[in-house]
Amino acid sequence: MVAPNPLSEQDLAEARTELSAGKPLTVWFTSAAVGVPANGSAKVISIDDVAEGDFIQVRPAGTRDTMFCSPNELTRTRPTRKRVQQPAEQAPKRIVPPQSTPQPSAHPLESAPRPSVQPESTPQLSAHPPEKSPDRARSVGGRSAARPAEVTITLNATIDGEWTVEVTIGKKRTVRPTSVQPADVAKAARSLPSAVAEAIESSLEAARQRQLERVERLRAELEVAQRALHELTS
């Protein structure tokens, strides 16, 4: 799906110029954005030199978290805001007509007290709609806020024992692979389920064994080099 008015090559060039000049740059999410509401605003943090995939880092308004987006998910065109105050302005107008009903009700009051109940109940019924409108607004706001995205934290280990971690929220990778010390990984593994802790510990043990073997090889090479140097200097 192609979003309307996505960031063009010219927009990206202008954005890079403004970022290099230290100017704040505001963009808005299109309907193609995933995990964030459309038409929401965000500040551009950085733009990668390689324009592939999600290479634009932004910070959505109202949060300190950052996420990476593609040009199709952002626009520099400010969305039009729909006025939602019309129902609230029309609600008081419905209450005005019942004010004229108590005037003819003065005649039934002289003959019998029963009709006096009707004018009192009429304004009460007409006064309920304005009270319901905030509740509806709250329910709508609650629905929009109750959309938590799934958070995925991935640990990767190389053969040499180097560890990296990356974080994905929904379908967006918010933290790119970042180096982590093996000691920190071992500390975190102690609080995880036993099966996960055993897998991490076995990987750490294998990395330690490889490093010990490497130390032994280097030590042997050092001894050979020292003997050769001694023979040359004697």
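Structure: see above.
What you are looking at is a predicted structure, and each value in this text was computed from that prediction instead of being measured.

What counts, and where the lines are drawn
Residues numbered from 1 in each chain as written. Predicted model: local features only at pLDDT ≥ 70, side-chain atom pairs only at ≥ 80, totals over all residues. Heavy atoms only, no water. Helix = DSSP H or I, 4+ residues; strand = E, 2+ residues; numbered from the N terminus. Pairing = 2+ DSSP bridges. Axes fitted to C-alpha atoms, helices over the stretch in contact; angles between N-to-C directions. Salt bridge = Lys/Arg side-chain N within 4 Å of Asp/Glu carboxyl O. Buried < 20%, exposed > 50% of the residue type's maximum accessible area, 1.4 Å probe, protein only. Contact = heavy atoms within 4.5 Å. Core = buried A, V, L, I, M, F, W, Y, C linked by side-chain atoms within 4.5 Å.

Draft legend 1. Main features of unusual backbone geometry. Of note in the backbone geometry, Asn-39 takes a positive phi value of approximately 75° without being a glycine. Considering the arrangement of structural elements, one finds Asn-39 in the loop between strand E1 (26-29) and strand E2 (41-47).

Draft legend 2. Local environment of the sheet that holds strand E8 (residues 172-180). If you trace the three strands from one edge of the open sheet to the other, you get E6-E7-E8, paired in antiparallel fashion. Edge positions in the sheet fall to strand E6 (151-157) and E8, since each has one partner strand and no second. If you compare each strand with its neighbour and ignore which way they point, the axes differ by 15° on average. By the bridge criterion, seven bridges tie E6 to strand E7 (residues 163-169) in an arrangement that is antiparallel.

Draft legend 3. Highlighting the pattern of salt bridges. Under the defined criterion, the tally for this structure stands at eight salt bridges. Lys-172 serves as the salt-bridge partner of Asp-54, at 3.8 Å between the closest nitrogen and oxygen. In this pair, Asp-54 is assigned in the loop between E2 and strand E3 (56-60) and Lys-172 in strand E8, connecting sequence segments 118 residues apart. Owing to a relative accessible area of 5%, Lys-172 belongs among the buried residues under this scheme. Put simply, Glu-14, Glu-18 and Arg-76 are held in one network by salt bridges that share partners.

Draft legend 4. A look at the sheet that holds strand E4 (residues 67-69). With respect to topology, five strands assemble into an open sheet ordered E4-E3-E2-E1-E5, the strand pairing being antiparallel. Edge positions in the open sheet fall to E4 and strand E5 (74-75), since each of these has one partner strand only. Bridge count between E1 and E2: three bridges; the pairing is antiparallel. Looking at E2, one finds that Val-27 is bridged to Ala-42. The strands touched by helix H1 (residues 9-20) are E2 and E3; relative to E2, the strand with the most contacts, the crossing angle is about 80°.

Draft legend 5. Broad picture of the nonpolar core. Of all hydrophobic cores here, the largest spans 17 residues; its most connected members are Phe-29, Val-44, Ile-56, Val-58 and Leu-74. Looking at this core element by element, the count peaks at three residues for E2. Judged by nonpolar contacts, the second largest core, of seven residues, contains Trp-163, Ala-186, Ala-197 and Leu-204.

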